[in-house]
Amino acid sequence: MVRSIQRAFQCLEALSGNEKSSMSIVEVARATDLDKATVSRIMKTLAELGYVEYVRSQRAYRLTPKMFCIGSRTVDAQRASERTRGLMRELAAEFGETVNLGVLNGHQVVYVEKIESTFSVRADLSVGKSIPLWCTGLGKAILSWRPDLVDEIAAEIRPITSHTIGTVEELRRELEEVRSRGYAIDYEEYVPGMVCVAVPLVDPTGRVEAAMSVAGLIMRLDEESAHAIGRRMVSMTEGQDFP
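Fair warning: this is a prediction, and the values are worked out from it, not measured in the lab.

1. Overview of the overall build of the chain
For the chain, the count of helices and strands is 9 helices and 8 strands. Computed over the C-alpha atoms, the radius of gyration of the chain is 19 Å, within 12% of the 18 Å expected from 2.2 N^0.38 for a compact globule of 243 residues. Scored against the burial criterion, the 243 residues of the chain give a buried share of 46%. Counting contacts in the chain only where the partners sit at least 6 residues apart, residues at least 24 apart contribute 54% of the total. A total accessible area of about 12,900 Å² is found for the chain, and carbon and sulfur atoms account for 51% of it. Charged side chains of the chain number 30 positive and 34 negative; the gap between the two group centres comes to 9 Å.

In structure tokens:
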């Protein structure tokens, strides 16, 4: 691995994952565990290349639209087939909740497509956002078909909300249930107040690299309705493959 490239991407990921629109050298250094001199050199190089810009009034750096263009092209390459989009539209029309498509990316799931809920108060996770595997509906749906990944993410498991799975043993038990019934449910495990029901999408080679979900607020999706949505999603996708 080329250390300088690795460090540059650490800085870019720190900027993209930060809730603020910009970060100072000190903040990037703290987020990446790199020294300030190294971060300063990297940020100046990235600025010269046009991927970040320096905001003098804030004495901080932020990402530029050039990064958005790269990300958009990547998302476009991962977009769903027309058949998958058709299923997403059908689910959105039937349940009125947000429907998401996520693809596996390392130890995370990336949202690549969504259909917004018709409700004014709704789940809001944007396309391009990465989420963990072990505590989300999309992630657990994929993991139920990918036991090879469970050991790899074991060290990452930690509390995010009071409902998050706490140990790899708990995760394995839940994944057995998910595989048996065909769908995963996330009850406020990642975002408080939100429920996500997801099914794995099997590709033509028999592997699972993606999943589809229906997500909404817990005030509308109680346990009974979540399981009903899950059964409906299984009936729509079972026995099909999704390129």
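Now that the structure is up, let's keep going.
2. Some remarks on the nonpolar core
Residues Leu-133, Leu-138, Leu-143 and Leu-171 are the most contacted members of the largest nonpolar core, which totals 28 residues. Elements supplying a minimum of two residues to this core: strand E4 (108–115), helix H6 (137–143), helix H7 (150–153), helix H8 (168–181), strand E7 (194–202) and strand E8 (208–217). In contact with Leu-171, other than residues within four places in its own chain, are Trp-134, Lys-140, Leu-143, Val-150, Ile-153, Ile-157 and Ile-165. With 25 residues, the next largest nonpolar core counts Leu-87, Leu-91, Ile-185 and Val-214 among its residues.

3. With respect to the packing of aromatic side chains
Two aromatic rings are characterised by how far apart their centres lie and by the angle between their planes. What the rule picks out here adds up to 1 aromatic pair. Above the plane of the ring of Trp-145 lies Arg-179, whose end atom (NZ or CZ) is 4.0 Å from the centre. The ring of Tyr-183 has Arg-181 lying over it, and the distance from NZ or CZ to the ring centre is 4.9 Å.

4. What about the pattern of salt bridges?
Going through the model one piece at a time under the given rule, you end up with 12 salt bridges. A salt bridge links Arg-232 to Glu-94; its shortest N-O distance comes to 3.0 Å. In this pair, Arg-232 is assigned in helix H9 (residues 223–237) and Glu-94 in helix H5 (residues 82–95), connecting sequence segments 138 residues apart. For Arg-232, a relative accessible area of 28% gives the class partly exposed. Given a relative accessible area of 41%, Glu-94 falls into the partly exposed group. Several salt bridges converge on common partners, so that one network encompasses Arg-146, Asp-148, Arg-207 and Glu-209.

5. Quick word on empty space enclosed by the protein
Scanning the model with the defined rule gives 1 cavity of 30 Å³ or more in all. Estimates place the volume of the largest cavity at around 50 Å³. Every residue along the wall of the largest cavity is listed here: Asn-100, Tyr-111, Leu-125, Ile-131, Thr-136, Gly-137, Asp-186, Tyr-190, Met-194, Cys-196 and Ala-215.

6. Some points on unusual backbone geometry
Its identity as a non-glycine residue notwithstanding, Arg-59 has a phi of 50°, on the positive side. The backbone of Glu-188 sits at a positive phi, close to 55°, despite the residue not being glycine. Here Glu-188 lies in the loop between strand E6 (184–187) and E7. Judged by its relative accessible area of 17%, Glu-188 is buried.

7. What to know about the sheet that holds E8
Judged by pairing direction, the sheet is antiparallel, and its 6 strands sit side by side in the order E5-E4-E3-E8-E7-E6 without closing on themselves. Strands with a single pairing partner mark the edges of an open sheet, and in this sheet they are strand E5 (130–132) and E6. Between one strand axis and the next, the sheet turns through 35° on average, direction left out of account. Bridge count between strand E3 (residues 98–105) and E4: 7 bridges; the pairing is antiparallel. Residue pairing in the sheet places Val-103 in a bridge with Val-110 of E4.

8. A short note on the pairing of E4
Across the 8 residues of E4, 6 count as buried, placing the element largely inside the fold. Relative to E5, E4 is paired through 3 bridges, and the arrangement is antiparallel. Across the sheet, the residue bridging to Val-109 is Ile-131, located in E5.

9. Description of a nonpolar patch on the surface
Together, Val-2, Ile-5 and Phe-9 make up an exposed nonpolar region whose accessible area comes to about 290 Å². Residue position: Val-2 is located in the segment before helix H1 (3–17).

10. Some words on the packing of H1 against helix H3 (residues 36–49)
The geometry of H1 relative to H3 is characterised by a closest axis approach of 10 Å and an angle of 80° between their N-to-C directions. Here H1 lies roughly perpendicular to H3, going by the angle between them. Listed contacts from H3 to Arg-7, Ala-8, Cys-11, Leu-12 and Leu-15 of H1 are Thr-38, Val-39, Ile-42, Met-43 and Leu-46. The residue makeup of the contact of H1 with H3, split by class, is 8 nonpolar, 1 polar and 1 charged.

Reading the values: rules and limits
- Residues numbered from 1 in each chain as written.
- Predicted model: local features only at pLDDT ≥ 70, side-chain atom pairs only at ≥ 80, totals over all residues.
- Heavy atoms only, no water.
- Helix = DSSP H or I, 4+ residues; strand = E, 2+ residues; numbered from the N terminus.
- Rg over C-alpha atoms; globule rule 2.2 N^0.38 Å.
- Buried < 20%, exposed > 50% of the residue type's maximum accessible area, 1.4 Å probe, protein only.
- Contact = heavy atoms within 4.5 Å.
- Areas by Shrake-Rupley, 256 points an atom, 1.4 Å probe, with all protein chains shown as cover.
- Lys, Arg positive; Asp, Glu negative; His and termini not counted.
- Charge placed at Lys NZ, Arg CZ, Asp CG, Glu CD.
- Core = buried A, V, L, I, M, F, W, Y, C linked by side-chain atoms within 4.5 Å.
- Phe/Tyr/Trp six-rings, centres within 6.5 Å; stacked < 30°, edge-to-face > 60°.
- Lys NZ or Arg CZ within 6 Å of the ring centre and 35° of its normal.
- Salt bridge = Lys/Arg side-chain N within 4 Å of Asp/Glu carboxyl O.
- 1 Å grid on protein atoms, 1.4 Å probe; cavity = no way out; pocket = protein on both sides within 12 Å on 5 of 7 lines; lining within 4 Å.
- Points joined across faces, edges and corners; volume = space filled by probe spheres on them.
- Pairing = 2+ DSSP bridges.
- Axes fitted to C-alpha atoms, helices over the stretch in contact; angles between N-to-C directions.
- Patch = residues over 30% accessible without salt bridge, like charges linked within 9 Å, V, L, I, M, F, W, Y side chains within 5 Å.
- Parallel < 35°, antiparallel > 145°, perpendicular 65-115°, else oblique.
- Nonpolar A, V, L, I, M, F, W, Y, C, P; charged D, E, K, R; others polar.

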